[in-house]
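What follows is each chain in one-letter form.
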Amino acid sequence: MSVTDAIPRLTLLIPVYNDWDSVHELLVRMDRLFEQHFQTRDEAHKVSVLLVNDCSEISPPLETWHQARFSMLRSIKIMNLINNMGHQIAIAVGLGSLASTPGEGVIIVMDGDGEDRPEDVFRLLQAHREHPEAYILAHRHKRSEGLGFRLGYRLYKLTYFILTGKSITHGNFCLIPWERLLSLTSRSTLWNHLAATINEFKKSHHLLATERGKRFFGKSRMNVWALIFHGLNGISVHLETVSLRLLMASLIIGAISFCVMIALVPIRLFWDWAVPGWASTIGFLSLVIGIQAFLISIFSTFMVLNNRQRVTITPRKDWSAYVMDEQTLLFDTKES
């Protein structure tokens, strides 16, 4: 049985910024793997590639791909963005463009540098056959980055859980059933963070343990500062939940501050401690902390509620505003 028996169409969505050598190596390896897994060349008509070019300074190797004539890929479409907008927006634009046209099958979102291993694509497809209606999310059960990065990533996951009440163990590498595409791209939070947006869909995803692959060329651009920015984007997806939790925390802090001030009254009246003015100082600080925490949380809550009144920009209907042009390479997979 072919690995693609259950899917009439497969689209690989890959955001790219300058790293065309790695993308070329990935496509070559994917083509070889598809050739090993497909039973007939006709099945290759199920596979297409969408490369979202995030305003790269280096041009894609179109002539090389023309000459390569990949035997198992149906087409390669390059979508050129107007400006460099970052990894997450590039993914959102790509998903929005796919949602704008009728389709079927699945979309696999992956990086083009080799860290998302080509072999794991087929594991995602196998998991899709077992869970056909779910998002299949790849999570790395072992990480090979430096100690500082791993500690930062653990801190990010802990902060994410405390503020949102949800755990996050997956990244962008995932499989999205086509029937889920419209609901996913209708969320404005997709501009910020794909993984966190999928996390909003309860009981509709399946985790698949994977390992981090080795980059084909160059070094990763992800560092501690990029991780912090990425983490804040992920937390912002759950802004309503975060604001509610902060409001509850501020009420608790305010209640504690009030209790401290009440407790200071009998202590000040019946105990003559040596430090003059300590009771009034502690009481004043407790009052200030309680009021500040409450006002900040109330302000953030009203800002979140006010955002509901605004017209939201979603990838489903606004993706084309970010696209400059498109180029498509078609391959005749029926040739012998």
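Anything mentioned here points back to the structure above.
What counts, and at which threshold
- Residues numbered from 1 in each chain as written.
- Predicted model: local features only at pLDDT ≥ 70, side-chain atom pairs only at ≥ 80, totals over all residues.
- Heavy atoms only, no water.
- Helix = DSSP H or I, 4+ residues; strand = E, 2+ residues; numbered from the N terminus.
- Buried < 20%, exposed > 50% of the residue type's maximum accessible area, 1.4 Å probe, protein only.
- Contact = heavy atoms within 4.5 Å.
- Areas by Shrake-Rupley, 256 points an atom, 1.4 Å probe, with all protein chains shown as cover.
- Patch = residues over 30% accessible without salt bridge, like charges linked within 9 Å, V, L, I, M, F, W, Y side chains within 5 Å.
- Salt bridge = Lys/Arg side-chain N within 4 Å of Asp/Glu carboxyl O.
- Core = buried A, V, L, I, M, F, W, Y, C linked by side-chain atoms within 4.5 Å.
- Axes fitted to C-alpha atoms, helices over the stretch in contact; angles between N-to-C directions.
- Parallel < 35°, antiparallel > 145°, perpendicular 65-115°, else oblique.
- Nonpolar A, V, L, I, M, F, W, Y, C, P; charged D, E, K, R; others polar.

**What to know about the overall build of the chain**
Along its length, the chain carries eleven helices and eight strands. Counting all 336 residues of the chain, 44% fall into the buried class. Expressed as a percentage of contacts within the chain between residues at least 6 apart in sequence, the contacts between residues at least 24 apart total 87%. Looking at the chain as shown, the accessible area adds up to about 17,900 Å², and 60% of this sits on carbon and sulfur atoms.

**Re a nonpolar patch on the surface**
Together, Leu244, Met248, Leu251, Leu287, Ile291, Phe294 and Leu295 make up a nonpolar patch on the protein surface, roughly 630 Å² of accessible area in all. Looking at the nonpolar patch, the elements that each hand over two or more residues are helix H9 (239-270) and helix H10 (278-307). Among the elements that line the nonpolar patch, the one with the most residues is H10, at four residues. Note that leucine 244 resides in helix H9.

**With respect to the nonpolar core**
In terms of nonpolar packing, the biggest core is built from 38 residues, with Phe34, Leu51, Trp65, Ile76 and Ile108 touching the most fellow members. For this core, the elements supplying multiple residues, two or more each, are strand E1 (10-16), helix H1 (20-37), strand E2 (47-53), strand E3 (75-81), strand E4 (106-109), helix H4 (119-130) and strand E5 (135-142). Per-element tally for this core: the top contributor is H1, with eight residues. Every residue in contact with isoleucine 108, bar those within four places of it in the chain, is listed here: Leu10, Thr11, Leu12, Leu13, Val121, Leu124, Leu125, Phe173, Cys174 and Leu175. Judged by nonpolar contacts, the second largest core, of 28 residues, contains Ile107, Val109, Leu190 and Trp319.

**Points about the packing of H1 against H4**
Running from amino to carboxyl end, H1 crosses H4 at an angle of 45°, the nearest separation of the two axes being 9 Å. With respect to each other, H1 and H4 are oriented oblique. The residues of H4 that touch H1, namely those facing Met30, Leu33, Phe34 and His37, are Glu119, Val121 and Phe122. A per-class count over the contact of H1 with H4 returns five nonpolar, one polar and one charged.

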